[in-house]
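# Understanding the architecture of this molecule
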Amino acid sequence: MRAPYIQEASHHHGPCRSINHLTVVETPLPMSSFDKAANYGETKVTKNVAQSFGLSVFAGAFIALAFVFYLTVTTGSAQHSWGLVRFSGGVAFSLGLILVVVLGGELFTSTVLSAIAWAQNKVTTKQLLSCWIRVYLGNLCGAMLILLLVMLSKMYGLDGNEWGLNALHLAQHKIHHDWSQAFALGTLCNLLVCLGVWMTFSCKEVLAKSLLLILPVAMFVSSGFEHSIANLFMVPLGIAIQHFAGSEYFVALGVVPQVFADLTISNFVVHNLIPVTLGNILGGAVFVGLGYYWIDNKGTYANQTATSLHVSPFSDAHTHTSVHVHTPSVQQGPPDFDPLQQTYR
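The text that follows walks through the structure, step by step, so that each part is easy to find. Computed from a predicted structure; not experimentally measured. (Residues numbered from 1 in each chain as written. Predicted model: local features only at pLDDT ≥ 70, side-chain atom pairs only at ≥ 80, totals over all residues. Heavy atoms only, no water.)

## Thoughts on the overall build of the protein chain
Which entries qualify depends on this criterion: Secondary structure follows DSSP: runs of H or I at least 4 residues long count as helices, runs of E at least 2 residues long count as strands, and numbering of each begins at the N terminus. For every residue, the accessible area obtained with a 1.4 Å probe (protein chains only) is divided by the maximum for its type, and the residue is called buried under 20%, exposed over 50%, and partly exposed between those limits. Between two residues, a contact is recorded if the distance between any of their heavy atoms is within 4.5 Å.
Secondary structure assignment for the protein chain yields twelve helices and seven strands. For the protein chain, the proportion of its 345 residues judged to be buried stands at 45%. Sequence separation of at least 24 residues holds for 81% of the intrachain contacts in the protein chain that already meet a minimum separation of 6.

Structure representation (structure tokens):
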């Protein structure tokens with residue numbers, strides 16, 4: 001009897017090869033979060049300049065609007081729990097990053113993840129820095145637009161002028177950090193922002209992305225971490241109130257305007273904006289972006305070109321690969337003659 005043999009049959013149109021008479025179909029692995037982050041960063045750097053700047057303006061406006069929400073939620077709450085008040089303000093502020101992610105804005109603090117594309121030599125240093133500067137300036141323009149609207153609407157008079165006083169105290173607090181403190185707070189802030197954005201790479205649903213962003217943002221806001229783009233709105237708001245609200249505003253509050261005399265552009269830039277921005281770059285670009293890039297290079301993540309092997313002994317609906325075993329009939333010799341029956345059997 002001849003041994004059965006194995007015949008390969010495959011309806012798969014992709015690459016395949018044979019191992020021990022079995023059809024092996026090679027299919028690419030699904031993209032990891034790191035791959036998506038790398039594409040995310042490269043897309044930001046190579047995006048059309050006008051489109052990138054326009055989306056940056058929107059992102060700056062979104063973050064400014066979120067800080068307006070924060071001020072409204074936390075105003076007039078001195079008699080309540082300090083932690084819970086700040087947490088509620090942090091949840092309110094998460095609206096800003098949700099708008100950025102869902103509507104596709106270009107925010108500087110998440111754009112620094114493009115350092116991954118730079119490390120992979122997909123973009124040049126000049127392209128990277130040009131992108132960061134462009135997005136930063138666009139965010140500034142968006143923040144200033146909302147600042148102008150808030151001042152024109154005289155929102156600082158809400159709750160018996162307490163809304164504006166809350167903004168003044170918060171802005172003044174931000175310029176009183178020393179350099180190392182502001183730098184460390186900026187690093188911690190963008191560590192959380194970029195981790196929040198990174199988590200959104202694991203899902204496609206808009207609601208899921210939004211929910212994933214809330215807690216990281218609520219934590220950095222409630223803990224007093226420093227976000228450079230939020231500060232581009234928050235501190236200038238305090239400066240604008242101090243200079244343009246009028247003496248009658250401070251009289252109604254029973255506060256001497258000179259108390260906030262240190263709210264100046266130079267104090268803001270030197271004592272807050274520069275160290276916070278550098279800290280944001282370290283926390284997002286280096287700790288998160290380049291940190292995961294280093295891990296990926298060490299082989300913790302699957303290689304981007306790796307393939308998975310699927311061997312199916314039966315028909316497979318996904319790969320359309322099948323392996324069939326055929327047993328041919330046994331070839332026999334000439335029929336025997338039966339002398340009693342006079343017939344062949």
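## Thoughts on the packing of aromatic side chains
Given two aromatic rings, their pairing is described by the distance between the two centres and the angle made by the two planes. Put simply, the rule reads: The aromatic pairing rule takes the rings of Phe, Tyr and Trp, using the six-membered ring of Trp, and pairs them if the centres are within 6.5 Å, calling planes under 30 degrees apart stacked, those over 60 edge-to-face and the rest tilted.
According to the stated counting rule, one finds 13 aromatic pairs in the structure shown. Residues phenylalanine 108 and tryptophan 132 carry aromatic rings whose centres are separated by 6.3 Å and whose planes lie at 85° to one another, so their mutual orientation is edge-to-face. Taken together, the residues span a long stretch of sequence, with phenylalanine 108 in helix 4 (residues 108-111) and tryptophan 132 in helix 6 (residues 125-153) at a distance of 24 residues. A single burial state applies to phenylalanine 108 and to tryptophan 132, both of which are buried. A connected cluster of aromatic rings, assembled from ring pairs, spans Phe34, Tyr40, Trp198, Phe201 and Tyr292.

## Looking at helix 3 (residues 82-103)
Put simply, the test is: Take the number of residues in a helix, subtract one, and multiply by 1.5 Å to get its expected span. One axis is fitted to the seven residues ending at the residue and one to the seven starting there. The bend at that residue is the angle between these axes.
In this model, helix 3 (22 residues) spans 32 Å end to end at C-alpha, consistent with the 32 Å of a helix rising 1.5 Å per residue. If you look at helix 3, its biggest bend is around 25°, right at leucine 97. Along helix 3, the residues classified as buried are Val85, Arg86, Gly89, Gly90, Ala92, Phe93, Ser94, Gly96, Leu97, Ile98 and Val100. Turning to helix 3, the residues buried within the fold contact helix 2 (49-74), helix 8 (179-200), helix 9 (206-222) and helix 10 (228-244).

## Looking at the packing of helix 10 against helix 12 (residues 265-297)
Going by this rule: Here, axes are lines fitted to C-alpha atoms. For helices the fit covers the stretch in contact, and angles between N-to-C directions go from 0 to 180 degrees. When describing relative orientation, an angle under 35 degrees is termed roughly parallel and one over 145 degrees roughly antiparallel, while 65 to 115 degrees is termed roughly perpendicular and anything else oblique. Note: crossing handedness is left-handed where the near helix turns anticlockwise from the far helix by less than a right angle, and right-handed where it turns clockwise. Any residue that is not Ala, Val, Leu, Ile, Met, Phe, Trp, Tyr, Cys, Pro, Asp, Glu, Lys or Arg is counted as polar, Gly included; the first ten are nonpolar and the last four charged.
With their axes 10 Å apart at the nearest point, helix 10 and helix 12 run at an angle of 165° to one another. With respect to their mutual orientation, helix 10 and helix 12 come out roughly antiparallel. When you trace helix 10 past helix 12, the crossing you get is right-handed. Only Ile265, Phe268, Asn272, Leu273, Val276, Thr277 and Asn280 of helix 12 make contact with helix 10, whose side of the interface consists of Ser228, Asn231, Leu232, Val235, Pro236 and Ile239. In terms of residue class, the contact of helix 10 with helix 12 is made up of eight nonpolar, five polar and no charged.

## Quick look at the packing of helix 8 against helix 9
One can describe the packing of helix 8 onto helix 9 by two numbers: an axis separation of 9 Å at closest approach and a directional angle of 170°. Between helix 8 and helix 9, the crossing angle belongs to the class labelled roughly antiparallel. Mapping the contact onto sequence places Cys189, Leu192, Val193, Gly196, Val197, Met199 and Thr200 in helix 8 and Lys209, Leu212, Leu213, Pro216, Met219 and Phe220 in helix 9. Its residues assigned to classes, the contact of helix 8 with helix 9 shows ten nonpolar, two polar and one charged.

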